[in-house]
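# Examining the three-dimensional arrangement
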2 protein chains.
Amino acid sequence: MTATRQTVRQAKGDATRQQILDAAERIFAEIGFAAARLDHVAESVGIRRPSILYYFPGKQQLYDEVEADIFASMHAFVLNRTEDVTEPMERLLALLDAWLDFLVSRPTAARIIQRLIADSAAYGNNPVRFSESALQDLEDVVAAGVASGQFHPVSAMVLLNSVAGSALHYVCNAHQLGPSRSYDPADPAQLAQFRSMMHRLARVAVAPQD
Amino acid sequence: MTATRQTVRQAKGDATRQQILDAAERIFAEIGFAAARLDHVAESVGIRRPSILYYFPGKQQLYDEVEADIFASMHAFVLNRTEDVTEPMERLLALLDAWLDFLVSRPTAARIIQRLIADSAAYGNNPVRFSESALQDLEDVVAAGVASGQFHPVSAMVLLNSVAGSALHYVCNAHQLGPSRSYDPADPAQLAQFRSMMHRLARVAVAPQD
């Protein structure tokens, strides 16, 4: 009986913890870390502020857990999509597709990463505290392609800024360009159009140069 | 004598007003609109908060003037670089180069635009209140290229997200990728490498498709 109760309480606690994380991710995405208040998160979940502090010591720790989960989930998503792909070009496209699909399905993650890029002082000396796995994923794919001789020795960071990062703008800009230019990034035709462009650009970016 | 005094006072007032705008642009770029306080701006200029309110009614108006100036300056920079260029592909590259050079020379503008893309609720129903001129510049160049038959009928907004927006990531990511991947976006060799990639991608993005 006691054991059952404890399990129920535990499950309820876990559910609340997850609700807090989900609400925090939405709010950090919408207004950013600096402007977000724990009160907003509490109100969104329908609990009181002290209840959040039962699960998280403060706003920074709550934010850190949100960002850590975004990059851990994105990395897992990439591994799943690329583990059976060995041909270098196919592997690069699988990585880019994984990032694109991940960000389209989780636009709050796109906004948080977009903000992270703008925040020049994030994490002081360690701006890649959580994003390192993503950068490493891209560097590994590029290094393998270059080693195989199929890719021009392109800089992974140039590729990041020029091709890979475009998925962020595709997702974040959906409703930022005025009513007449609004689009739904998850719309299949829209997504296919953008993906096709991303693939063309990726192929050219790593192709042997004249 | 009175006239001279008034001119001096006027000039001093204009200088202070410009100092406030410069400081505000730095602070809005670094920490964003929501987190920025007029106290920070005042401290940075070396004046007291009420002195700012003498020139600007409040934080929103100060921010609006900063953002308006960014897009007006960028538009003027584009006009200057493109007015004598008529060949469609050269015109597109001149536009992209103008954006890239403008953002490299004014990284605070890049950070503010990067934040604007993340801020889903900016300006309510009119997110393009200030950025409309930039979108229109790109649309005009793309439309002319398509009309000439030299460009594939590509969506200007797909081009914006996939190629044009990359200049923002190039500038903003300079010190966001960890110490081992840091770079100076204004370094000539670095900039030439990125520009060359951007040109290649732009050519392919509008090229007739198979």
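Quick caveat, the model's predicted, so the values are computed rather than measured.

## A look at the relation of the copies chain B and chain A
In the superposition of chain B on chain A (RMSD 0.0 Å, axial shift 0.0 Å), the rotation amounts to 180°. Both copies of the chain, as the preceding transformation shows, are related through a two-fold rotation axis. When the interface residues of chain B are mapped onto chain A, 100% of them are again interface residues, pointing to one common binding face.

## Digging into the packing of aromatic side chains
For any pair of aromatic rings, geometry is given as the distance between the ring centres together with the angle between the planes. In total, this model carries 14 aromatic pairs over all chains according to the counting rule given. An angle of 90° between the planes, with centres 4.9 Å apart, marks the rings of B:Tyr54 and B:Tyr55 as edge-to-face. B:Tyr54 sits in the exposed class, given a relative accessible area of 67%. Taken together, A:Phe28, A:Phe33 and A:Tyr63 form an aromatic cluster joined through their ring pairs. In this structure, A:Lys59 packs its charged tip against the face of A:Phe33, placed 4.4 Å from the ring centre.

## Examining the UniProt feature "domain: HTH tetR-type" (unreviewed entry) in chain A
Per the UniProt annotation, the sites labelled "domain: HTH tetR-type" (unreviewed entry) are residues 14–74 of chain A. Across residues 14–74 of chain A one finds 80% helix and 0% strand; the C-alpha atoms that close the span lie 22 Å apart.

## Observations regarding the side chain of B:Asp137
All names here are of chain B. Within the secondary structure, Asp-137 sits in helix H7 (residues 132–147). Buried charge Asp-137 goes without a salt bridge, the closest partner of opposite sign being Arg-91 at 7.3 Å. If we skip the residues at most four places from it in the chain, Asp-137 touches His-75, Val-78 and Leu-95.

## As for the packing of helix H4 (residues 59–82) of chain B against H7(B)
Residues and elements named next belong to chain B. At a minimum axis separation of 8 Å, H4 and H7 run at an interaxial angle of 25°. Between H4 and H7, the crossing angle belongs to the class labelled roughly parallel. Between H4 and H7, the residues in contact are Phe-71, Met-74, His-75 and Val-78 and Ser-133, Ala-134 and Asp-137, respectively. Looking at the contact of H4 with H7, its residues break down into 4 nonpolar, 2 polar and 1 charged.

## Some words on the nonpolar core
Ranked by internal contacts, the top residues of the largest apolar core, which has 142 residues, are A:Leu62, A:Leu92, A:Leu103, B:Leu62, B:Leu92 and B:Leu103. Excluding anything up to four places from it in sequence, A:Leu62 contacts A:Ile20, A:Leu21, A:Ala24, A:Phe28, A:Leu38, A:Val41, A:Ile52 and A:Phe56.

## Some details on the interface of chain B and chain A
At the interface, 52 residues of chain B touch 52 residues of chain A. Roughly 4,500 Å² is buried in total at the junction of chain B and chain A, and carbon and sulfur atoms are behind 56% of that figure. Our enumeration of links across chain B and chain A arrives at 6 salt bridges. Between A:Glu139 and B:Arg181 there is a salt bridge; the shortest N-O distance is 2.7 Å. For the interface between chain B and chain A, the tally reads 23 residue pairs in polar contact (both at pLDDT 80 or more). For the side of chain B that touches chain A, the secondary structure elements donating two or more residues are helix H1 (2–35), helix H6 (107–118), H7, helix H8 (156–164), helix H9 (166–172) and helix H10 (188–206) of chain B.

So, how was this worked out
- Residues numbered from 1 in each chain as written.
- Chains lettered and ligands numbered in written order.
- Predicted model: local features only at pLDDT ≥ 70, side-chain atom pairs only at ≥ 80, totals over all residues.
- Heavy atoms only, no water.
- Least-squares fit on C-alpha atoms with pLDDT ≥ 70 in both.
- Contact = heavy atoms within 4.5 Å.
- Phe/Tyr/Trp six-rings, centres within 6.5 Å; stacked < 30°, edge-to-face > 60°.
- Buried < 20%, exposed > 50% of the residue type's maximum accessible area, 1.4 Å probe, protein only.
- Lys NZ or Arg CZ within 6 Å of the ring centre and 35° of its normal.
- UniProt positions renumbered as here; feature names shortened; annotations may be inferred.
- Helix = DSSP H or I, 4+ residues; strand = E, 2+ residues; numbered from the N terminus.
- Lys, Arg positive; Asp, Glu negative; His and termini not counted.
- Salt bridge = Lys/Arg side-chain N within 4 Å of Asp/Glu carboxyl O.
- Axes fitted to C-alpha atoms, helices over the stretch in contact; angles between N-to-C directions.
- Parallel < 35°, antiparallel > 145°, perpendicular 65-115°, else oblique.
- Nonpolar A, V, L, I, M, F, W, Y, C, P; charged D, E, K, R; others polar.
- Core = buried A, V, L, I, M, F, W, Y, C linked by side-chain atoms within 4.5 Å.
- Buried area = accessible area lost by both parts, 1.4 Å probe.
- Polar contact = N/O pair within 3.5 Å; in protein donor to acceptor, adjacent residues only side chain to side chain.

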